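Understanding the architecture of this molecule
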Amino acid sequence: MPELPEVETVVSDLQKITGRTIRAVRHGKKKLRLPWKPIWNARVAGTRIEAIRRRGKWIIVELSGKGTAPRLLVHLGMTGRFTVVAHEPALHRHMVLDLDDGTELQFFDPRRFGSITLHGSEQDLQDVFERKKLGPEPEDLQVVGFSVAVCNTARNLKTLLLDQRVVAGVGNIYANEACFVSKLHPLRRGATLTRTECQRLVQSIKTVIRRAIRHRGTTLPDGGYLGGGFQNRLYVYDRAGQGCRTCSAAIERIVVANRATYYCPACQPIALE
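What counts, and at which threshold
- Residues numbered from 1 in each chain as written.
- Predicted model: local features only at pLDDT ≥ 70, side-chain atom pairs only at ≥ 80, totals over all residues.
- Heavy atoms only, no water.
- Helix = DSSP H or I, 4+ residues; strand = E, 2+ residues; numbered from the N terminus.
- Rg over C-alpha atoms; globule rule 2.2 N^0.38 Å.
- Buried < 20%, exposed > 50% of the residue type's maximum accessible area, 1.4 Å probe, protein only.
- Contact = heavy atoms within 4.5 Å.
- Areas by Shrake-Rupley, 256 points an atom, 1.4 Å probe, with all protein chains shown as cover.
- Polar contact = N/O pair within 3.5 Å; in protein donor to acceptor, adjacent residues only side chain to side chain.
- Lys, Arg positive; Asp, Glu negative; His and termini not counted.
- Salt bridge = Lys/Arg side-chain N within 4 Å of Asp/Glu carboxyl O.
- 1 Å grid on protein atoms, 1.4 Å probe; cavity = no way out; pocket = protein on both sides within 12 Å on 5 of 7 lines; lining within 4 Å.
- Points joined across faces, edges and corners; volume = space filled by probe spheres on them.
- Core = buried A, V, L, I, M, F, W, Y, C linked by side-chain atoms within 4.5 Å.
- Phe/Tyr/Trp six-rings, centres within 6.5 Å; stacked < 30°, edge-to-face > 60°.
- Lys NZ or Arg CZ within 6 Å of the ring centre and 35° of its normal.
- Pairing = 2+ DSSP bridges.
- Axes fitted to C-alpha atoms, helices over the stretch in contact; angles between N-to-C directions.

Notes on the overall build of the chain
Looking only at helices and strands, the chain features seven helices and 10 strands. Its C-alpha atoms give the chain a radius of gyration of 20 Å, near enough to 19 Å, the size a compact globule of 273 residues would have. Sorting the 273 residues of the chain into buried and exposed places 52% on the buried side. Put simply, 62% of the contacts in the chain that link residues at least 6 apart link residues at least 24 apart. Of the accessible surface of the chain, which amounts to about 12600 Å², a share of 51% is contributed by carbon and sulfur atoms.

What follows is the structure, encoded as structure tokens:
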């Protein structure tokens, strides 16, 4: 599933269409995770793309409008792609925004866990994030606030880092990597962390996300997100049985919160409680 670095890369690539006008909207018959309402077609057609930005794992497309400007909210799900193309691919295409320069902004998703929805204003959009209780961006993480969320709970670190209320945009890949960089076992309970360990984890989250963005995220063999280079620099994720890049011990794999979890038993010893 695309996480923050992959979504940030998509947003960066889409900046070239800022200022373009959407001439028409076309959508497929198959349903995505959230339905697109046909009435939205007329509300989007004729609008101008004012800005494209990210919040957590969501892409926000700001459109021009009279009064309160509408917003498109895009989630890539597990295998979604949102990209500008000159020609129309036939397979798994669910949404097409025809642009005034002859190109098309397309959303296609083989597994259909992604979604595109329309929201009438910025406030409507913020209400969505408020209902989800979306946490801070990694760059905005503060040790004090993070400590309150993490160090007073019996939940383990892997589960906590996957919780979008704790930190927005981090998923399975980067939760594994952040635990490794901070030298903390993914099964450590939040309540056992010292202040120093909490600081180390906050910095590790920021470091991992920054590095991943620089390398355009991670491309996995699932056929979803393409174009990343960080898969060649992963420390532990999907490297079970391979040697640790730091100490050469074999990376181990367990399942935590129904997600494959990877760690180095030498670099990330489980603390006695």
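Still more to cover.
Quick look at the environment of Thr103
The residue Thr103 is located in the loop between β6 (93-99) and β7 (104-108) in this model. Counting along the chain gives 31 residues from Thr103 to Leu72, while the straight-line C-alpha distance between them is 18 Å. Those residues in contact with Thr103 that sit more than four places away from it in its chain are Val84, Val85, Leu97 and Asp98. Side chain to side chain, Thr103 and Asp101 meet in a polar contact 2.6 Å long.

Focus: the side chain of Glu6
Positionally, Glu6 belongs in helix α1 (residues 4-14). The side chain of Glu6 sits in the buried core without any salt bridge; Lys57 is the nearest counter-charge, 8.2 Å away. Apart from residues lying up to four places away in sequence, Glu6 is in contact with Tyr174, Gly217, Thr218 and Tyr225.

A closer look at empty space enclosed by the protein
Gaps left between atoms show up when a probe the size of a water molecule is rolled over them. Taken as a whole and assessed by the stated rule, the structure comprises one cavity of 30 Å³ or more. As for the largest cavity, its lining consists of Met1, Pro2, Glu6, Met78, Ile173, Thr218, Leu220, Asp222 and Tyr225.

Topic: the nonpolar core
Phe146, Val150, Leu157, Leu161, Tyr174, Leu201 and Ile205 are the most contacted members of the largest nonpolar core, which has 39 residues in total. Listing elements by their share of this core, those giving two or more residues are α4 (143-150), α5 (157-162), α6 (172-181), α7 (195-214) and β10 (259-263). A total of seven residues in this core trace back to one element, the largest contributor, which is α7. Core analysis: the second largest hydrophobic core is formed by 29 residues, Ile49, Ile59, Leu63 and Leu118 among them.

Details of the packing of aromatic side chains
Applying the stated criterion across every chain, the model contains six aromatic pairs. Lying across the ring of Phe180, Lys183 places its NZ or CZ 3.8 Å from the centre.

Quick notes on the pairing of strand β2 (residues 49-55)
Sheet topology places β2 next to strand β3 (residues 58-63); six bridges connect them, and they run antiparallel. Bridge pairing links Ile49 to Leu63 in β3. Where β2 folds back onto β3 in an antiparallel hairpin, the turn is made up of two residues, including Gly56, whose phi is positive at roughly 60°.

Points about the environment of Ile49
Checked against the element boundaries, Ile49 lands in strand β2. You can call Ile49 buried: its relative accessible area is 1%. Measuring from C-alpha to C-alpha, the distance between Ile49 and Ser12 comes to 14 Å, with 37 residues separating the pair along the chain. In this structure Ile49 touches Ile17, Thr18, Gly19, Arg20, Ile22, Val61, Glu62, Leu63 and Leu99, once residues within four positions along its chain are discounted.

Looking at the sheet that holds β7
If you trace the four strands from one edge of the open sheet to the other, you get β1-β6-β7-β5, paired in antiparallel fashion. Of all strands in the sheet, those bounded by a partner on one side alone are β1 (22-27) and β5 (81-85). Within this sheet the neighbouring strands show an average axis-to-axis angle of 15°, counted without direction. One ladder, built from five bridges, connects β5 with β7; its direction is antiparallel. The partner of Val84 across the bridge, within β7, is Leu105.

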